[in-house]
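# Fold and geometry: a report
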Amino acid sequence: MKFRYKVLLINIIIIVITLSVSGFFMTSRQNRLLMEAEIKTAVTENNLAESAIEYSLLDIVNSPRLRVEDYLPSISDRVSSGMLSSTTNLYVLYNSKILYSPKDSEAKPSDKLISTSTDSIKKYQIIKEGDKTYVYVSATIQVNNSIVSIITSHDITDTKKTMDSSIHLYELFILITLLVSGLLVYMITKLLTRPLEKLNAITDDFAKGNFDTRSDLKSQDEVGLLSDKFNNMADSVEGHIDELNDMIHRRDQFVADFTHEIKTPMTTIIGYADTIRSVDLPREDEVKAAGYIFSEGKRLEQMSSHLFDLIYLKDGKIPKTPVNTQALGEAVIETVLPSIENCGLTLEYSFESAGILCDSPLLKTAFINLVDNARKASKEGDNISFTGRLLEESSSENSSLYEFVVEDHGIGIAPEDIDRICDEFYMVDKSRSRSEGGAGLGMSLVAAILKEHAADLKIESELGKGTRMIVTIDTCEEEKELD
């Protein structure tokens, strides 16, 4: 059932109950007051008839020669015509025998009323006779050991019709009220629920894949708040979907780039291996071919090692221990110094001693990649520097920042390449990178390692002038030397 119909049904039920209960009490009270007034009138007229007849019988009672039953009809006729209203009839009984009754009246006292009229207690009954309703009131007079019963019938047909008419009128009023109020409630409910239906249609549209759908409902009530919440949810969902699409795109690109990167060394390895296998080469050419196979195999090994580290970093948290920055920096220098000297480059380094919390092999790998990239970007005779120092500013109340800087004076990086340099398989200079055995995974591995250590990487570079790679990381109080 739609919400508007639920509201309509509930309102109709409330209106019916309210009108029925209130109308019942109001109508009942009004009808009771009317009936009490008619009963009071009937009793009053009976009292008048009783008093008049009793007074008229005094002279007859005092005369032993006069019989009461002979004079009672004439006295009753005089009282009926002179004192009672046209809607009241008089019946007089002498020892339960009717001596006087109106000639033109169709109403007669019931046998039960006649049988009980000899009681000394004044009684009344409401009796419906045909299409008329009467109030019968009985009274008794003791006369010479005989009983005179005075019964009056007061016609309350008009009052009863008025009471019935008020009930029917009230029923009609309830019916009209229900129809009008039901129509009004339906229209108001439809007006109030129209924004909800619109929001429902927008939700269906969003569920069908139109993720740019937004609600334009603006109001200061709960519907407006729901509309804002929906838009916030839609923005969040669309953002997550964009992230998922970007992740899928990056994954597909990763697979494509990885396939391409593997294909090149594998083609070289297969080609030279097939040559050595099928052709008798001079020793010099054979060694040269084996050298190509070896260098391409090393490049595949380096690529697989970097991929393993990337997967390892994405699959879980890495354990960290306090490490001395000077020891870490010197361990990096010890690893990269031979290759730098072989290229005819000069390496300058200095490190202030401090403690950082890290996975030393991974962080060492990151700095080796940064220094090796600086080597690849430099030409013979250039200087490369790798330094570390404590910064004056603090990252929090309990720790300060430590800054590592790798600087070269080589070819530099274009501004449009800086934002993408940490993507998997992205190479600024593909030919130069491949000639150096690279696969475009070094900087993506560096970014992943630094992210796991909550370290920031800042790249400052200018084409033809060189590059500065700045890494800042929180320090800790404990520290230990590298093994």
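Described below are features of the structure shown in this document. All figures in this text were calculated on a predicted structure; none of them were measured in a lab.

Conventions and cut-offs
Residues numbered from 1 in each chain as written. Predicted model: local features only at pLDDT ≥ 70, side-chain atom pairs only at ≥ 80, totals over all residues. Heavy atoms only, no water. Buried < 20%, exposed > 50% of the residue type's maximum accessible area, 1.4 Å probe, protein only. Helix = DSSP H or I, 4+ residues; strand = E, 2+ residues; numbered from the N terminus. Pairing = 2+ DSSP bridges. Contact = heavy atoms within 4.5 Å. Core = buried A, V, L, I, M, F, W, Y, C linked by side-chain atoms within 4.5 Å. Salt bridge = Lys/Arg side-chain N within 4 Å of Asp/Glu carboxyl O.

### Some remarks on the pairing of strand E10 (residues 401-408)
- Extensive coverage of E10 is indicated by the burial of seven of its eight residues.
- Sheet analysis places strand E9 (residues 383-390) next to E10, joined by seven bridges and oriented antiparallel. Directly across from Ser 385, in E10, lies its bridge partner Glu 407.
- As defined by bridge partners, E10 adjoins strand E12 (residues 466-476) across eight bridges and the pair is classed as antiparallel. Within E12, the position partnered with Glu 407 by the bridge is Arg 468.

### Comments concerning the environment of Tyr 349
- On the secondary structure map, Tyr 349 appears in strand E7 (residues 346-351).
- Expressed as a C-alpha distance, the spacing of Tyr 349 and Ser 385, which sit 36 residues apart in the sequence, is 5.6 Å.
- With sequence-adjacent residues up to four places away left out, Tyr 349 is seen in contact with Ile 333 and Phe 386.

### Re the nonpolar core
- Counting residues in hydrophobic clusters, the biggest one holds 37 residues, and the most contacted among them are Ile 356, Leu 363, Phe 367, Leu 370, Phe 386 and Phe 404.
- Every element with two or more residues in this core is listed here: helix H7 (325-342), E7, strand E8 (355-358), helix H8 (360-377), E9, E10, helix H11 (442-452) and E12.
- Per element, the largest residue contribution to this core is seven residues, and it comes from H8.
- Not counting residues up to four positions away in its chain, the partners in contact with Phe 367 are Leu 328, Val 332, Phe 386, Phe 404 and Val 471.
- In this structure, Ala 49, Ala 52, Leu 72 and Tyr 94 belong to the second largest nonpolar core, which totals 18 residues.

### With respect to the pattern of salt bridges
- Scanning all chains against the criterion turns up 15 salt bridges.
- Residues Lys 160 and Asp 164 are paired through a salt bridge, measuring 3.2 Å at the closest nitrogen-oxygen approach. Placement of both Lys 160 and Asp 164 in helix H4 (residues 157-207) is noted, with a separation of four residues, approximately one turn of the helix.
- Taking relative accessible area as the criterion, Lys 160 reaches 28% and is therefore assigned partly exposed.
- In this structure, Arg 468 and Glu 460 form a salt bridge, with 3.3 Å as the shortest nitrogen-oxygen distance.

### A word on the pairing of strand E11 (residues 456-462)
- Taken together, the seven bridges between E11 and E12 define a ladder with antiparallel strand orientation. Its bridge partner being in E12, Lys 458 is matched across the sheet by Ile 470.
- Connecting the antiparallel pair E11 and E12 is a turn made up of three residues, with Gly 464 showing a positive phi of about 80°.

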